[in-house]
Amino acid sequence: MNRRIILAGGSGFLGQLLGEFLQPRGWEPVVLTRSPAARAKFKELAWDARTLGDWAHALDGAEAVINLAGRSVNCRGTPANRLAIMNSRVESTRVLGEAIARCSQPPKTWLNSSTATIYKHSFDRPNDESSTDFSPTPEARDAFSVEVARAWEQALDGAQARQTRKVALRITLVFGTVPGGVFQILRRLTRFQLGGRMGSGRQYVSWIHEEDFCRAVEWILEHPEMSGPVNLAAPHPVTNREMMETFRRVCGVSIGLPAAEWMLEVGAFFLRTETELMLKSRNVIPGKLLASGFSFCYPRMEEALRDLAGRSH
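These lines cover the structure that appears in this document, whether it is placed above or below. (Residues numbered from 1 in each chain as written. Predicted model: local features only at pLDDT ≥ 70, side-chain atom pairs only at ≥ 80, totals over all residues. Heavy atoms only, no water.)

## A closer look at the overall build of the protein
Phase 1: Within the protein, the secondary structure is distributed over ten helices and eleven strands.
Phase 2: A compact globule built from 313 residues should have a C-alpha radius of gyration of about 20 Å, and the protein, at 19 Å, falls within 12% of that.
Phase 3: Across its three principal axes, the protein shows a C-alpha extent of roughly 60 × 40 × 40 Å.
Phase 4: For the protein, with 313 residues in total, the buried portion stands at 52%.
Phase 5: Once local pairs closer than 6 in sequence are excluded, the contacts in the protein between residues at least 24 apart make up 77%.
Phase 6: Accessible area for the protein stands at about 14,500 Å²; split by element, carbon and sulfur atoms hold 53% of it.
Phase 7: The positive charge centre, built from 39 side chains, and the negative charge centre, built from 33, are 3 Å apart in the protein. (Helix = DSSP H or I, 4+ residues; strand = E, 2+ residues; numbered from the N terminus. Rg over C-alpha atoms; globule rule 2.2 N^0.38 Å. Buried < 20%, exposed > 50% of the residue type's maximum accessible area, 1.4 Å probe, protein only. Contact = heavy atoms within 4.5 Å. Areas by Shrake-Rupley, 256 points an atom, 1.4 Å probe, with all protein chains shown as cover. Lys, Arg positive; Asp, Glu negative; His and termini not counted. Charge placed at Lys NZ, Arg CZ, Asp CG, Glu CD.)

And the structure:
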């Protein structure tokens, strides 16, 4: 009998990725989405990510819940966008906690998305889950992102779900083959000879291959001793300069024009995004995953990018 797993906000890239990975492995994905599709890959239930509804019955007797809901941060930091970013994360976490508290047979495990952006902007010391310095850095312009991350995890910690194991997934950049994803964007820039360093190029990039992301999530589901924050990151973060050099090697491109910070500001304005996504140094390692015995298929960036390039058009 398949184990039911609830993917809240699961109609996006990561939710569909996890559903397709977990279903053949004995899981029954049920997606909570604002707009259920008539012909979806998995069973879909309508929710608004804020209030209790009929969807909450699906949690009773489910094996696990994974909350992936949250408005995209790839936008300008207007007051309206910031409010939507914060509320979509905190409110979805809060209402899932309320639904779990009402279950007669609550899920055994609740994995809630978080972000590796919670860690301090760092050029030297890598951050694992024992790191507790979450102070923002003016040069990284990350005050709001850190505020969101802390509020997100506080909502999870404060949820009354005493019989349910809670894990905060501190997710880094997920490299995958999905159109419009970060891998495809950087690959396209590289092919147009725009794959040079961004800003100083010293800032660290923490990342994970889509297959290792799915494998790590299943590993956490199957290891009940793991709880609290868990970093979903490959064990070898690289600097932005190193990352772009790797993209050029994989793409067979010798020239990569660099982008100074002022150029990134102009580009971010026209692309309706923020430079923090490119300039904050995220030096993050998967301490808990490695300590638990998890083995990465793609621990280093070059082998990850070559695999994805081979599977992309």
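Here the narrative resumes.
## Digging into the pattern of salt bridges
Side-chain pairs of opposite charge can arise where the charged atoms are in close proximity.
Phase 1: Using the criterion set out here, one finds 13 salt bridges in the structure.
Phase 2: Here Lys41 and Glu20 are joined by a salt bridge, their closest N and O atoms 2.2 Å apart. You can see Lys41 sitting in the loop between strand 2 (27–33) and strand 3 (43–46) and its partner Glu20 sitting in helix 1 (residues 13–22), a full 21 residues away along the chain.
Phase 3: On the accessibility criterion, Glu20 (39% relative accessible area) is partly exposed. (Salt bridge = Lys/Arg side-chain N within 4 Å of Asp/Glu carboxyl O.)

## Some words on unusual backbone geometry
Phase 1: Phi at Ala49 takes a positive value of approximately 65°, unusual for a residue other than glycine.
Phase 2: Relative to the elements of secondary structure, Ala49 occurs in the loop between strand 3 and strand 4 (64–67).
Phase 3: Relative accessible area serves as the criterion here: at 5%, Ala49 is assigned to the buried category.
Phase 4: For Gln193, which is not glycine, the phi dihedral falls at a positive 65°.

## Things to note about the nonpolar core
Phase 1: Counting 30 residues, the largest nonpolar core has Phe213, Ile220, Leu232 and Leu289 as the members making the most contacts within it.
Phase 2: Taken together, the elements giving at least two residues each to this core come down to strand 1 (3–8), helix 1, strand 2, strand 4, strand 6 (165–171), helix 5 (210–222) and strand 10 (228–232).
Phase 3: Here the element with the most residues in this core is helix 5; it accounts for six residues.
Phase 4: Ile220 has contacts with Leu111, Arg165, Val167, Leu169, Met226, Val230, Leu232 and Leu289, leaving out every residue within four places of it along the chain. (Core = buried A, V, L, I, M, F, W, Y, C linked by side-chain atoms within 4.5 Å.)

## Concerning the layout of surface pockets
Phase 1: Of the pockets and cavities examined, the second largest pocket occupies roughly 170 Å³.
Phase 2: Residue composition of the lining of the second largest pocket, by class: three nonpolar, three polar and five charged. (1 Å grid on protein atoms, 1.4 Å probe; cavity = no way out; pocket = protein on both sides within 12 Å on 5 of 7 lines; lining within 4 Å. Points joined across faces, edges and corners; volume = space filled by probe spheres on them. Nonpolar A, V, L, I, M, F, W, Y, C, P; charged D, E, K, R; others polar.)

## Some details on the packing of aromatic side chains
Phase 1: Applying the stated criterion across every chain yields a total of seven aromatic pairs.
Phase 2: Between Phe294 and Phe296, the ring centres sit 4.9 Å apart and the planes meet at 85°, which makes this aromatic pair edge-to-face. Assigned by exposure class, Phe294 and Phe296 land together as buried.
Phase 3: One aromatic cluster is present, built from ring pairs that chain together Phe175, Phe183, Trp207 and Phe247. (Phe/Tyr/Trp six-rings, centres within 6.5 Å; stacked < 30°, edge-to-face > 60°.)

## Overview of the packing of helix 1 against helix 5
Phase 1: Between helix 1 and helix 5, whose axes approach to 10 Å, the crossing angle comes to 65°. The angle between the axes of helix 1 and helix 5 places the two elements in the roughly perpendicular class. Helix 5 is crossed by helix 1, and the crossing has right-handed handedness. Here Phe13, Leu14, Leu17, Leu18, Phe21 and Leu22 of helix 1 lie close against helix 5, whose contacting residues are Glu210, Phe213, Cys214, Arg215, Val217 and Glu218.
Phase 2: Across the contact of helix 1 with helix 5, the residue classes break down as nine nonpolar, no polar and three charged. (Axes fitted to C-alpha atoms, helices over the stretch in contact; angles between N-to-C directions. Parallel < 35°, antiparallel > 145°, perpendicular 65-115°, else oblique. Left-handed = near helix turned anticlockwise from the far one by under 90°.)

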